[in-house]
Amino acid sequence: MSASTDAGEMNLPLPQNETRTESRHHRSIQLAVVTASLIWFAAANQIATQAARGLAVRLNLSDGYQLLQSIFLLFLLVVGTMFLQSIFSGGTPVRRLIGLPRRPSSRKEFATGAAIGWGVVLLAVLPQAFFGALYVRFWIAPRSLYLLVLNLITVAMLALASEIGFRGFAFRRLIEALGPAWATVMISLLFGLIGSFSRDSTILSVIAWTIFGVCLCLAWLRTHGLWLGWGLHFAWIASLGILFGLPVNGIDNLASLVESRAIGRAWLTGGAYGIEAAPWTLIPLAAAIAAVVLVSSDWAWDYTRKPLVPAGYAMDVPPPAAHTEMERAIPPAPPALVQILPTTPQSRSVEPER
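Calculation rules
Residues numbered from 1 in each chain as written. Predicted model: local features only at pLDDT ≥ 70, side-chain atom pairs only at ≥ 80, totals over all residues. Heavy atoms only, no water. Helix = DSSP H or I, 4+ residues; strand = E, 2+ residues; numbered from the N terminus. Buried < 20%, exposed > 50% of the residue type's maximum accessible area, 1.4 Å probe, protein only. Contact = heavy atoms within 4.5 Å. Areas by Shrake-Rupley, 256 points an atom, 1.4 Å probe, with all protein chains shown as cover. Core = buried A, V, L, I, M, F, W, Y, C linked by side-chain atoms within 4.5 Å. Phe/Tyr/Trp six-rings, centres within 6.5 Å; stacked < 30°, edge-to-face > 60°. Lys NZ or Arg CZ within 6 Å of the ring centre and 35° of its normal. Axes fitted to C-alpha atoms, helices over the stretch in contact; angles between N-to-C directions. Parallel < 35°, antiparallel > 145°, perpendicular 65-115°, else oblique. Nonpolar A, V, L, I, M, F, W, Y, C, P; charged D, E, K, R; others polar.

Turning our eyes to something else, we now look at the overall build of the protein chain. Counting secondary structure elements, the protein chain contains 14 helices and 2 strands. Burial statistics for the protein chain: of 354 residues in total, 39% are counted as buried. Within the protein chain, residue pairs in contact and separated by at least 24 positions form 76% of the contacts whose partners lie at least 6 positions apart. For the protein chain, the exposed area adds up to about 21800 Å²; of that, 66% sits on carbon and sulfur atoms.

Rendered as structure tokens:
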């Protein structure tokens, strides 16, 4: 076989079966990385819990136990994400890697997400005051103010860790493997199952957390960043657990200034689990999905649209050699005659008098 034939065969496209094999291989790698990322998230949570518990006992920091846990968890998630990213390519900035890129609208995105989260909680809680009974007890003391600040920082860190763990690196890899639709379904179902881990959880609580997961995934898909989803997640937990003093995910240890107890029908209160297990809560959560789509239109245009790539044919392509030879064979045209006009006027400058 000649060298020209070898060169020609090297430029041929790959057969279709080889292309499919390469695509399946790429998808398998992405799914393996997603699995490793989620396993690391669970392991990091356990490591952070044990480390925070030991440090809190040794230094007598019982109030700061959850804050220490969230800080340790964030650190471990960042380290694990950097290691997994090194499989594909290195040199990616840490902020972009974890889903918090620098952008001029980051604060506005976070504030907008917080406003949506506050509105959803307000719509979910207010019917309890009108159709049921909401007993509120205030605790005003210097220690309560200290716990308020501590709990707000803790909730902000925990919400960020949850967003990085579910909708940061793993979600993007799953999108590359399965597409945005299936990636959203799988991450949201997993978020709903893990997010409602409690002895009092119900099917409705799993559904509520799954819908909330869809809303948070949509926030990422619309902005390609965690700022909007982080604000929404933070406001949901902070408004429900700290501002209203109600249980969050079946846990009621976030109350500092306000402690509430809801009594009424289960479709409003959610029973022992809280309003996240109430059927009425599904309506505000569905409204949050529409709100995320509406408020993120400008950010979707700025951060998610693909750049326009010029197409068509180049207009400066040289003509074929045969066409150039034909032009050279054409005899040149005879020179054109040039008429020289006189420099002095041929008419009288002054008309005769009559």
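The rest of the description comes next.
All right, on to the nonpolar core then. Counting residues in hydrophobic clusters, the biggest one holds 61 residues, and the most contacted among them are F212, W236, L240 and V292. Sorting elements by how many residues they give to this core places helix α10 (residues 227-243) first, with 10 residues. Discounting residues that sit within four places of it in the chain, W236 has contacts with G117, V120, V121, W209, F212, E276, T281 and L285.

So, about the environment of A52. Along the polypeptide, A52 turns up in helix α2 (residues 16-59). What makes A52 buried here is its relative accessible area of 0%. Linking A52 and L67, residues 15 residues apart in sequence, is a C-alpha distance of 8.4 Å. Once residues lying within four places of it in the same chain are set aside, the contact partners of A52 are Y65, L68, Q69 and F72.

Moving on: the packing of aromatic side chains. Per the counting criterion, the structure on display carries 10 aromatic pairs. With a centroid separation of 6.0 Å and 5° between ring planes, the pair formed by W118 and F244 is classed as stacked. In this pair, W118 is assigned in helix α5 (residues 106-131) and F244 in the loop between α10 and β2 (258-263), connecting sequence segments 126 residues apart. Assessed through its relative accessible area of 35%, W118 is described here as partly exposed. Aromatic ring contacts, followed pair by pair, group F41, F166, F191, W209, F212 and W236 into a single cluster. One cation-aromatic arrangement involves R103 over Y303; the distance from NZ or CZ to the ring centre is 3.8 Å. One residue, R305, lies across the ring of W301, its end atom 4.3 Å from the ring centre.

Here we come to the packing of helix α9 (residues 203-223) against helix α12 (residues 282-295). Contact geometry of α9 with α12 gives a least axis separation of 9 Å together with a crossing angle of 5°. Classified by the angle their axes make, α9 and α12 are roughly parallel. For the pair formed by α9 and α12, the contact residues are L204, I207, A208, I211, F212, V214, C215, L218, A219 and R222 on the first element and L282, L285, A286, A288, I289, V292 and V293 on the second. Looking at the contact of α9 with α12 residue by residue, the class counts come to 16 nonpolar, no polar and 1 charged.

This part is about the packing of α9 against α10. α10 packs onto α9 with a crossing angle of 150° between their chain directions and a minimal axis gap of 8 Å. Considering their axes alone, α9 and α10 lie roughly antiparallel with respect to each other. Two secondary-structure elements touch here, α9 through W209, F212, C215, L216, A219 and T223 and α10 through L228, G229, L232, H233 and W236. Residue composition of the contact of α9 with α10, by class: 8 nonpolar, 3 polar and no charged.

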